[in-house]
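# A look at the structure
Each chain, written out:
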Amino acid sequence: MKPYPSIAHRPDHTGVFHVFDKLDGSLIRAEWTPKRGFSKFGRKNGLLDDSNPWLQEAPGLFHAKYAEDLERDFRKQRYKRATAYLEFHGPSSFAGNHEDEEHTVTLFDVAPFKKGILQPREFLKLFGHLDHPRLLHHGRVGPWLLKAVREGSLDGVTFEGVVCKGAFSQKAGGPVMFKIKSQAWIDRLKGICGDDEAKFEALY
């Protein structure tokens with residue numbers, strides 16, 4: 001199952017980016033083939049298992065919300081295999097931790113076999129009719145945007161921040177991407193991690 005690439009923290013001020021709201025939760029992967037449909041599910045690292053019991057809800061949520069539509073769209077595009085990437089989250093989810101409450105999954109990327117993660121423009125063209133993180137800005141990422149995200153004042157942004165997705169990069173093997181976190185989110189994580197810098201870096 002194709003892993004999701006790591007996302008840089010250093011902003012790129014040179015390119016044009018689609019800036020999406022970053023939902024705070026856990027990454028879920030769903031692999032599709034024409035023969036078996038959506039039969040394999042994974043977390044960020046490895047297949048879905050009982051290491052995080054909350055994530056056991058994800059396949060059922062996915063099938064109820066997306067499977068039928070994505071199956072139709074994947075066949076329409078004649079994909080031989082594809083991986084859908086989703087965020088598993090709830091109202092109280094934070095940095096991969098979840099509470100006993102209602103959860104959902106939200107589609108944020110698709111990677112067709114041998115093609116890699118779709119550029120944001122193509123993702124929106126093919127799958128923008130499905131529920132996905134809100135597009136907050138399209139253009140260059142200047143100091144005003146960094147400031148607005150840090151302050152949590154960008155229109156439509158939720159607590160964690162944003163993910164910026166640009167054009168295809170041969171070096172990255174997919175779209176150029178970086179994320180910007182809100183200062184409130186960073187401060188909360190620091191409060192949880194204390195002096196454990198390794199834990200902070202792993203969750204950041």
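A few points on the structure. Only a predicted model underlies this, so the values are computations on that prediction, with no experimental measurement involved.

## Points about the overall build of the protein chain
A count of helical and extended segments in the protein chain gives five helices and eight strands. Against the compact-globule benchmark of 17 Å for 204 residues, the protein chain has a radius of gyration of 17 Å, which places it among compact chains. Expressed as a percentage of the 204 residues in the protein chain, the buried residues total 50%. Put simply, 65% of the contacts in the protein chain that link residues at least 6 apart link residues at least 24 apart. Taken together, the 31 basic and 27 acidic charged side chains of the protein chain have centroids lying 11 Å from each other.

## Details of the nonpolar core
Ranked by internal contacts, the top residues of the largest apolar core, which has 26 residues, are Phe38, Phe62, Leu70, Phe74, Leu107 and Phe127. Listing elements by their share of this core, those giving two or more residues are β2 (26–33), β3 (37–42), α1 (58–76), β4 (82–89), β5 (104–112) and α2 (120–127). The element best represented in this core is α1, accounting for six residues. With sequence-adjacent residues up to four places away left out, phenylalanine 74 is seen in contact with Trp32, Phe38, Tyr79, Ala82, Val110 and Phe127. In this structure, Phe17, Leu145, Leu146 and Val157 belong to the second largest nonpolar core, which totals 14 residues.

## Some details on the pairing of strand β8 (residues 174–181)
Within β8, seven of the eight residues are buried, which leaves the element mostly enclosed by the surrounding structure. Examined bridge by bridge, strand β7 (residues 161–169) and β8 share seven bridges and lie antiparallel to one another. When the sheet's bridge partners are listed, phenylalanine 168 is paired in β8 with proline 175. Here β7 hands over to β8 after four residues, with glycine 173 in that stretch at a positive phi of 70 degrees.

## Comments concerning the sheet that holds β7
Taking strand neighbours across the sheet as the criterion, the four strands line up as β6-β1-β7-β8 in an open arrangement whose pairing is antiparallel. Because the sheet does not close on itself, it has two edges, and the strands there are β6 (135–139) and β8. The sheet shows a mean angle of 25 degrees between the axes of neighbouring strands, direction not considered. Across the sheet, helix α3 (residues 143–151) is in contact with β1 (17–22), β6, β7 and β8; its angle to β8 comes to roughly 55 degrees.

## A word on the environment of leucine 124
In this structure, leucine 124 sits in helix α2. Of the residues examined, leucine 124 reaches a relative accessible area of 22% and is grouped as partly exposed. For the pair leucine 124 and phenylalanine 108, spaced 16 residues apart in the sequence, the C-alpha separation amounts to 9.7 Å. The residues touching leucine 124, leaving out its near neighbours within four places in the chain, are His18, Phe20, His132 and Leu135.

## A word on the pairing of β7
Among the nine residues of β7, seven are classified as buried, and the element is accordingly described as predominantly covered. Here five bridges tie β1 to β7, and the two strands are oriented antiparallel to one another. Pairing of histidine 18 across the sheet is with lysine 165, part of β7.

Conventions adopted
- Residues numbered from 1 in each chain as written.
- Predicted model: local features only at pLDDT ≥ 70, side-chain atom pairs only at ≥ 80, totals over all residues.
- Heavy atoms only, no water.
- Helix = DSSP H or I, 4+ residues; strand = E, 2+ residues; numbered from the N terminus.
- Rg over C-alpha atoms; globule rule 2.2 N^0.38 Å.
- Buried < 20%, exposed > 50% of the residue type's maximum accessible area, 1.4 Å probe, protein only.
- Contact = heavy atoms within 4.5 Å.
- Lys, Arg positive; Asp, Glu negative; His and termini not counted.
- Charge placed at Lys NZ, Arg CZ, Asp CG, Glu CD.
- Core = buried A, V, L, I, M, F, W, Y, C linked by side-chain atoms within 4.5 Å.
- Pairing = 2+ DSSP bridges.
- Axes fitted to C-alpha atoms, helices over the stretch in contact; angles between N-to-C directions.

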